[in-house]
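Here is how the chains run, residue by residue.
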Amino acid sequence: MLTKELKDEVLALDENDKLQLLRMLLRDPAMSKYAFDPMGFRTNFEAADILRELMEKEALRNVSSVE
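Since this is a predicted model, take the numbers as computed values, not measurements.

Asker: Quick question: what am I supposed to make of the environment of leucine 25 here?
Answerer: Mapped onto the secondary structure, leucine 25 falls in helix 2 (residues 15-27). The exposure class of leucine 25 is partly exposed, given its relative accessible area of 40%. Residues leucine 25 and alanine 35, spaced 10 residues apart in sequence, show a C-alpha to C-alpha distance of 9.3 Å.

Asker: Sorry if this is basic, but what is going on with the pattern of salt bridges here?
Answerer: This structure, assessed with the given rule, holds four salt bridges. Of the charged contacts, one joins arginine 52 and aspartate 49 as a salt bridge, the two residues approaching to 3.8 Å between their closest N and O atoms. Within this pair, arginine 52 and its partner aspartate 49 are both found in helix 3 (residues 45-66), separated by three residues, close to a single helical turn. Judged by relative accessible area, aspartate 49 falls into the partly exposed class, the value being 39%. Across the pair glutamate 58 and arginine 61 runs a salt bridge, and its minimum N-O distance is 2.4 Å.

Asker: What is the right way to read helix 2 from this model?
Answerer: Since one α-helical turn is 3.6 residues long, residues separated by three or four positions face the same way. The end-to-end C-alpha separation of helix 2 is 19 Å, in line with the 18 Å expected for 13 residues at 1.5 Å each. Two or three places before asparagine 16, at the opening of helix 2, aspartate 14 has a side-chain oxygen 3.3 Å from that residue's backbone nitrogen.

So, how was this worked out
Residues numbered from 1 in each chain as written. Predicted model: local features only at pLDDT ≥ 70, side-chain atom pairs only at ≥ 80, totals over all residues. Heavy atoms only, no water. Helix = DSSP H or I, 4+ residues; strand = E, 2+ residues; numbered from the N terminus. Buried < 20%, exposed > 50% of the residue type's maximum accessible area, 1.4 Å probe, protein only. Salt bridge = Lys/Arg side-chain N within 4 Å of Asp/Glu carboxyl O. Expected span 1.5 Å × (residues − 1). Polar contact = N/O pair within 3.5 Å; in protein donor to acceptor, adjacent residues only side chain to side chain.

Below, the structure written as structure tokens:
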């Protein structure tokens, strides 16, 4: 059972910190059954790496077009 103190601390986190906490918890093998993974990136590391590279290239292209 969650303590009130822990619950209050988690609820006080900003959106980015909550997302980071969620990702960390979903990487825990005990919690993996709760992870929503419709595209299979949690189990297909090659596809996840390809997607990550594409996203990084897109981010760089967006930054350079702004400048």
